[in-house]
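Overview (structure and organization)
So you can see what is in the structure, the chains are spelled out below.
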Amino acid sequence: VLSLVTVIHLGRVWLSEVQNRVRLDLNSARAAYDNHIKQIERFLLASSLNEELIWAAEVGDRTRLVELLERINRTGQMDFVSMIDVLGTVVCRAKNVEKFGDDLSDNPLIQQALSRKEPVSGTIILSPDELAAENPALVERATFHLKPTPSAVPTKDKVRCAGMVVAAVVPIRSDQGDVVGYLY
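What you are looking at is a predicted structure, and each value in this text was computed from that prediction instead of being measured.

About the criteria used
- Residues numbered from 1 in each chain as written.
- Predicted model: local features only at pLDDT ≥ 70, side-chain atom pairs only at ≥ 80, totals over all residues.
- Heavy atoms only, no water.
- Helix = DSSP H or I, 4+ residues; strand = E, 2+ residues; numbered from the N terminus.
- Axes fitted to C-alpha atoms, helices over the stretch in contact; angles between N-to-C directions.
- Left-handed = near helix turned anticlockwise from the far one by under 90°.
- Contact = heavy atoms within 4.5 Å.
- Nonpolar A, V, L, I, M, F, W, Y, C, P; charged D, E, K, R; others polar.
- Pairing = 2+ DSSP bridges.
- Salt bridge = Lys/Arg side-chain N within 4 Å of Asp/Glu carboxyl O.
- Buried < 20%, exposed > 50% of the residue type's maximum accessible area, 1.4 Å probe, protein only.
- Core = buried A, V, L, I, M, F, W, Y, C linked by side-chain atoms within 4.5 Å.
- Patch = residues over 30% accessible without salt bridge, like charges linked within 9 Å, V, L, I, M, F, W, Y side chains within 5 Å.
- Areas by Shrake-Rupley, 256 points an atom, 1.4 Å probe, with all protein chains shown as cover.
- Lys, Arg positive; Asp, Glu negative; His and termini not counted.
- Charge placed at Lys NZ, Arg CZ, Asp CG, Glu CD.

1. A few points about the environment of Glu17
Within the secondary structure, Glu17 sits in helix H1 (residues 2-47). Between the alpha carbons of Glu17 and Arg173 there is a distance of 51 Å; along the sequence they are 156 residues apart.

2. Let's talk about the packing of H1 against helix H3 (residues 62-76)
Where H1 contacts H3, the axes come no closer than 11 Å and their chain directions differ by 145°. Considering the relative orientation of H1 and H3, their crossing is right-handed. Two secondary-structure elements touch here, H1 through Phe43, Leu44 and Ser47 and H3 through Ile72, Thr75 and Gly76. Classifying every residue of the contact of H1 with H3 by side-chain character gives three nonpolar, three polar and no charged.

3. Comments concerning the sheet that holds strand E7 (residues 179-183)
Pairing in this open sheet of five strands is antiparallel, and the strands run E2-E1-E7-E6-E3 from one edge to the other. Whereas interior strands pair on both sides, the edge strands pair on one side only; in this sheet they are strand E2 (90-93) and strand E3 (120-126). Looking at each pair of strands side by side, their axes are set apart by 25° on average, direction ignored. Taken together, the seven bridges between E3 and strand E6 (residues 163-173) define a ladder with antiparallel strand orientation. Counterpart to Ile124 in the pairing with E6 is Val165. Here helix H2 (residues 51-59) sits on the sheet and contacts strand E1 (82-84), E6 and E7; the angle it forms with E7, its principal contact strand, is near 115°.

4. Here's the deal with the pattern of salt bridges
Taken as a whole, this structure holds nine salt bridges when the rule is applied. Arg30 is paired through a salt bridge with Asp34; the nearest N and O atoms lie 3.8 Å apart. One end of the pair is Arg30 and the other is Asp34, both in helix H1 and four residues apart, which spans about a single turn. Given a relative accessible area of 34%, Asp34 falls into the partly exposed group.

5. Observations concerning the nonpolar core
With 21 residues, the main nonpolar core has Leu44, Leu69 and Leu183 as its most contacted residues. Put simply, the parts of the chain that give this core at least two residues each are H1, H2, H3, E6 and E7. Considering every element that reaches this core, the biggest residue donor is H3, with five residues. Core analysis: the second largest hydrophobic core is formed by 20 residues, Ala113, Ile124, Val165 and Tyr182 among them.

6. Some thoughts on the pairing of E2
Inspection of the sheet shows E1 paired to E2 by three bridges, in the antiparallel sense. By the bridge assignment for E2, Met83 is matched with Cys92. Two successive antiparallel strands, E1 and E2, enclose a turn made up of five residues, where Gly88 displays a positive phi of approximately 100°.

7. Digging into a negative patch on the surface
Judged by side-chain charge, Glu51, Glu58, Asp175 and Asp178 come together as a negatively charged surface patch. Under the relative-accessibility criterion, Glu58 is labelled partly exposed at 43%.

Any functional reading would require information beyond the geometric quantities listed.
See the structure below:
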C-alpha cells in the first residue's frame, strides 16, 4: 500500500513539474515572439524618421522611394517593405517594384494604422496573391503539402500557399506632424 501511495504521489509531483516547465517554455517563446514583432515595428519607426524618405513621400518621388525602401529592406533584412499612401494604396514596394497602385486598406493592420495614425504591429495571414504582390519569392516559401492524418479535418486541398506574416505599419510624418504615408 505504501509503495502504491508513493508511486501515485511521485506521479503527481512529476506531472506538476512537467506542466510548470511547459508553461514557462511557452511564456518564454511568447515573449521572444512579441519582442521580434516589436523590433520590426521599432526598425520601421526609426526608418520613417529619415528626412529623405519624408521628402520623397511628400513630393511623390517614386524613384527615390524605391531606392530608400530597398535600402530599408536590405538593412532590416526584411522579406518585404512597402510604402502606402494615406488611403491605403501602395505607392511602391522594395521587392516587387513593378507592382503598385493596389489597395491594401482591407488589410487589418493597415486598417488600424490608417484609423489610429499610429504604429500597429502583429501577425496576419496573407493569401498567395498578397504574398506574390509583396515579394514573389514568398509564395514558394509559404507553400506546403497537406498530408492526411487520423485527426485531420478531411479536405480536397493538397497544397496550401497562404503565409503567416509578422508585420508592422508605421506612419511617415512631415515636419508639421501630418501623415504623408506609411511604411508596411
